[in-house]
Amino acid sequence: MMKKKSISASNASLVLFLCQMISALDVPLDLSQPPTITQQSPKDYIVDPRENIVIQCEAKGKPPPSFSWTRNGTHFDIDKDAQVTMKPNSGTLVINIMNGGKAEAYEGVYQCTARNERGAAISNNIVIRPSRSPLWTKEKLEPNQVREGDSLVLHCRPPVGLPPPIIFWMDNAFQRLPQSERVSQGLNGDLYFSNVQPEDIREDYICYARFNHTQTIQQKQPISVKVFSMDSLNDTIAANLSDTDIYGARPVTERQPVLLTPTGSTSTKVELRGNVLLLECIAAGLPTPVIRWIKEGGELPANRTFFENFKKTLKIIDVSEADSGNYKCIARNTLGSAHHVISVTVKAAPYWITAPRNLVLSPGEDGTLICRANGNPKPSISWLANGVPIAIAPEDPSRKVDGDTIIFSHVQERSSAVYQCNASNEYGYLLANAFVNVLAEPPRILTPANKLYQVIADSPALLDCAYFGSPKPEIEWFKGVKGSILRGSEYIFHDNGTLEIPVAQKDSTGAYTCVARNKLGKIQNEVQLEIKDPTVIIKQPEYKVIQRYGQVSFECIIKHDSTLLPTVIWLKDNDELPDDERFLVGKDNLTIMNVTDKDDGTYTCIVNTTLDSVSASAVLTVVARPNPPFDLELTGQLERSVELSWIPGDENNSPITNFVIEYEDGLHEPGVWHYQTEVPGTQTTVQLKLSPYVNYSFRVIAVNEIGRSQPSEPSEQYLTKSANPDENPSNVQGIGSEPDNLVITWESLKGFQSNGPGLQYKVSWRQKDVDDEWTSVIVANVSKYIVSGTPTFVPYEIKVQALNDLGYAPEPSEVIGHSGEDLPMVAPGNVQVHVINSTLAKVHWDPVPLKTVRGHLQGYKVYYWKVQSLSRRSRRHVEKKILTFRGNKTFGMLPGLEPYSTYKLNVRVANGKGEGPASPDKVFRTPEGVPGSPSFLKITNPTLDSLTLEWGSPTHPNGVLTSYILKFQPINNTHELGPLVEIRIPANESSLILKNLNYSTRYKFYFNAQTSVGSGNQITEEAVTIMDEVQPLYPRIRNVTTAAAETYANISWEYEGPDHAHFYVEYGVAGSKEDWKKEIVNGSRSFFVLKGLTPGTAYKVRVGAEGLSGFRSSEDVFETGPAMASRQVDIATQGWFIGLMCAVALLILILLIVCFIRRNKGGKYPVKEKEDAHADPEIQPMKEDDGTFGEYSDAEDHKPLKKGSRTPSDRTVKKEDSDDSLVDYGEGVNGQFNEDGSFIGQYSGKKEKEPAEGNESSEAPSPVNAMNSFV
């Protein structure tokens, strides 16, 4: 919501000029002129008798006038009264009352006369009356004894004062007596009771009269009111009346209205035009009557009609003759009505139609004075000349009186005089002075020369040219120095000389010349007009909705004329901003911090300049969570339902969307509130369903868009009656924990679900498919019962029924459970393996009889592990892997096998208790596969026509290498590739010298290995033959190597070339057409870690140098490790562990040296004993079987090695990564295969020791060796 208002300063100027236009032409004070009364006291002048009386009379004229006074129609000689003085150069009288004078002695009618040689002006008749505040006459007031329900009037009758006092009723404590439709004060000051009630009994009804002029308050004697009810009246007269008389006495009865004031059915009222009309009707009756007003034959005037005193008073302001008529008041209650008609006549004291205006004439001119007035009755007009009735005034041949007009012809200088017009009727008079001043004066311009006017564009421009001259000059306006006279509809020429440009534009700027001329001369004056750009609010404040305690800002961005200095004022609800530091006024905004509810309202930005003012407003609505509901009430209480009602709290400017009803069970869960239901925000009652045996309390929470209110206060408590349980326990299960038991469990009923005291459960069971009777037991309020001595894994029918002191719940439904499981008895037979390819095999087995499973068949687990790699001899730790196949499967796929390797496997059946015995180990071999990429390719010794190549065999040969394939081709300066040359190299070679190459030529090399199956991934490298025998300066990056893990890879390289090269690494999925991804290497390091890689994926990588156009290394290909079901870390290869072991070894070495020195000195140090007593937990014993040292292993969750830990009994070591990948096939405990053998899960692994293969080992030696050498 937003509104905008603009106020132009020019509009105010326009009003001022228009007022000047209708006033008479002022005569400059340096010219001769008759007197003019400028200030006088009011006609009816009531004075404070304790203060000096000041009767004002000021006048102007040339020569300055002298003053005289009359009192009660005769000359008042002030020189003869020492108490009266006249102010110097003034006609104002000061009557000294404070020094002995009495105000009463100076009561009367005073008139002032101001006189000079050109005439005399007189003031109004000023009636002087001192104010009076007489005391109340002493009177004895009897108590008012009134019967309950009757009407009563307490009369005030204040003393007559001047002016009349203001009446009000109070008690002894100076507290105003409360008023209402039943009890109210009339216009005459009396206190009216439409009907009396016992609450009206009091002894201090006091009427006060306040006299404002004397600032005194007079008090009437207190009035006592006693009210008798029929009960008290019967008690009083019981001794003197019979029962019949008593009960025949009239009780308080209702009565139809009767008017207390005014009396009768009609009355009249006369009011003067322009005054306030007050009409009053006060009625008695029981019930209290209601007053209504109408005007017969017309409507009550809109915008001027008001109702006061509980509609008992009709108030019409600024009445006119059109308001005359009959006004009817109607008093009505349930028994009837009464009415009164007031005939209103509006009279009028005289009022001006045309008041006479000063007349300035030159000798020989003609003129008129007009005096026209109206009134009811019509006033009479009389003329005076210089204060004397014109009929007896000296004759003037140029003057002729014609009723309300005086006509002047061919005036001469002696015709100058002051004329008075008196218009009077029975209700008052009007007196006006107007002079005739005969002068011969050339024109003069009173507006200052070169006055600057500044006006806002598109506003009226009013250029002043105040003038005087006799005869009256003619005025003309020109624009510019040599401009033509201004004419046309775009200009308005006012009689007072003002030039108005209704819509001033930018091109209106300039100089304007005013020329005044009469027959005696001519004069001109120049003024300047500047047009300014209007002030505009270009960004107005906008309607805002803000949560309580938030922060809000209103913008007020303005655009204004650069020569005007604006001031910005902010208002709240059209008043000043609160004096609060939370309100921050910025250059073009208002910010309110920590908003509260009282900040709600309309904010207005007002921009003021010296020429215009603009404003814009916006409303701020502060919203908050609703206030909590209150007055909760329970009604309609039944055994299973109750109705809850409440009163909503304040919604805080955000409508309530719904109410949430919560309950508390004071019997079972005191202090815990539960959700019951919710209803729309328009609903304040709800029928609630109840449960037996619950001590309910309810509370209500209101919700709006802002949030939830605080909970209401709790309702009263309601305890429902007890009953049988309505429901039985849920989630009943029977699962054995041991082979010979059955554990029956259920979810217990909640407290309010028990429906009564003494909640228990009847647990029943019997073996399924056996003709047995139910066995039952009643247990306390628990949730488990164990049946012992059951057969292993036998189905049982189970049911659990709730009961309390009042009876049983309905018959429960039955569920099937099983007694405890035992381990399977037999292993799967006829295990067969079919090798599909070098990395995949399919295994078959025969299922075991279900009776031997002795539990729920979970599936079959295949344990398999690599025994030996046929392509290389290396000692490895045996890592057993497990694949689980859910259900009664008889085959499965083994993915992620290593080519050209020997494997073993066995199969086991699993149930809920565990695994059965393993089948005999089955041995199988995988065929050869394609090899991995060569481990490295180095190009050295460049000459003019040769290069030397060195390489390493593949890390994973995956079979017997048959040869290497080398391809190379030249690259010219435009990076175009030349013809490709291919060379096959025996598998036992590790270097080659390429000869007959072109000098100073770059070559790109592609290198890969082959087995009988095919070629592996290739690696690339680039090299340049030299231009001469000088070592070339070409930069190059070579020997890019990678060490990959599951999700990251370490990239390293060698660089030859200029210093401070900045490297980057580019990588992508091998064989993919996607763009290379680029990573910037920090600094000039020669290594980088690629993160976020996908496990089991082949990647291509190359390294480049920034700024060396087109310069990159050859590509390398690597493969990330497979996603392992269980990651196990060989801590013996971890850097932190090696560092720790070195530190321990160093400490032991120092200890041995100290011992050796001390022994040499003749002392003995029992090192061996202390070492035996405090064995270092980090030192591990040697294995007994092969003499190797035990290694450390983390726990399965990779927790740090704790002090005092020992090597596991199977002396296995967990390794960081596995060479086998089961990501695409295997599963862990939850893995499974489809019926066709496809794998749909994951796998988990177990590690067992693998026999060492010869003396070679691919693992780093254990750091424990170094420690044992010191022991």
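Just so we're clear, the structure is a prediction, and the values are computed from it rather than from any experiment. (Residues numbered from 1 in each chain as written. Predicted model: local features only at pLDDT ≥ 70, side-chain atom pairs only at ≥ 80, totals over all residues. Heavy atoms only, no water.)

(A) Region of interest: the pattern of salt bridges. For the structure shown, the criterion picks out 38 salt bridges. A salt bridge links D597 to R548; its shortest N-O distance comes to 2.9 Å. Of this pair, D597 sits in the loop between β55 (589–592) and β56 (601–608) while R548 sits in the loop between β49 (544–547) and β50 (552–555); the two residues are 49 residues apart in sequence, bridging distant segments of the chain. Residue classification places D597 among the partly exposed residues on the basis of a relative accessible area of 36%. Notably, a salt bridge pairs K866 with E898, separated by 2.5 Å at the nearest N-O pair. Pair noted here: K866 is in strand β75 (residues 857–869) and E898 is in the loop between β77 (891–894) and β78 (901–911), with a separation of 32 residues, a long-range link. We note that K866, like E898, is buried. Three or more residues joined by partner-sharing salt bridges are found here, namely D171, R202 and D204. (Salt bridge = Lys/Arg side-chain N within 4 Å of Asp/Glu carboxyl O. Helix = DSSP H or I, 4+ residues; strand = E, 2+ residues; numbered from the N terminus. Buried < 20%, exposed > 50% of the residue type's maximum accessible area, 1.4 Å probe, protein only.)

(B) Spotlight on the sheet that holds strand β88 (residues 1049–1056). Strand order across the open sheet formed by 3 strands is β87-β88-β91, with antiparallel pairing between neighbours. Of all strands in the sheet, those with a lone pairing partner are β87 (1036–1044) and β91 (1087–1090), marking the two edges. Sheet twist, expressed as the mean angle between neighbouring strand axes with direction ignored, is 20°. Summarising the sheet, β88 and β91 pair through 4 bridges and their orientation is antiparallel. Residue pairing across strands places I1051 opposite F1088, the latter belonging to β91. (Pairing = 2+ DSSP bridges. Axes fitted to C-alpha atoms, helices over the stretch in contact; angles between N-to-C directions.)

(C) Focus on the sheet that holds strand β80 (residues 934–940). Reading across the sheet, the 3 strands line up as β80-β81-β84 and stay open at both edges, with antiparallel pairing between neighbours. The open sheet has two edge strands, β80 and β84 (991–994), and neither has a second partner. Along the sheet, successive strands turn relative to each other by an average axial angle of 20°, direction set aside. Looking at chain direction, β80 and strand β81 (residues 947–954) are connected through 6 bridges and run antiparallel. Directly across from F936, in β81, lies its bridge partner G952.

(D) View of unusual backbone geometry. Between L162 and the following residue, P163, the backbone shows a cis peptide bond with an omega angle of -10°. Inspection of the secondary structure puts P163 in the loop between β14 (152–154) and β15 (166–170). Geometrically, the link from T261 to P262 is a cis peptide bond, its omega value of -10° lying close to zero. Relative to the helices and strands, P262 is located in the loop between β21 (255–261) and β22 (266–272). Positive phi is not limited to glycine here, since D769 has a value of about 65°. As for its placement among the helices and strands, D769 is situated in the loop between β67 (760–767) and β68 (775–779). Looking at D769, the relative accessible area reads 69%, which means it is exposed.

(E) Local environment of the nonpolar core. Ranked by internal contacts, the top residues of the largest apolar core, which has 29 residues, are I53, I55, W69, I95 and Y110. For this core, the secondary-structure elements that each account for two or more residues are β4 (53–55), β5 (57–62), β6 (66–71), β9 (93–95), β10 (108–116) and β12 (126–130). Sort the elements by how many residues they give to this core and β10 lands first, with 3 residues. (Core = buried A, V, L, I, M, F, W, Y, C linked by side-chain atoms within 4.5 Å.)

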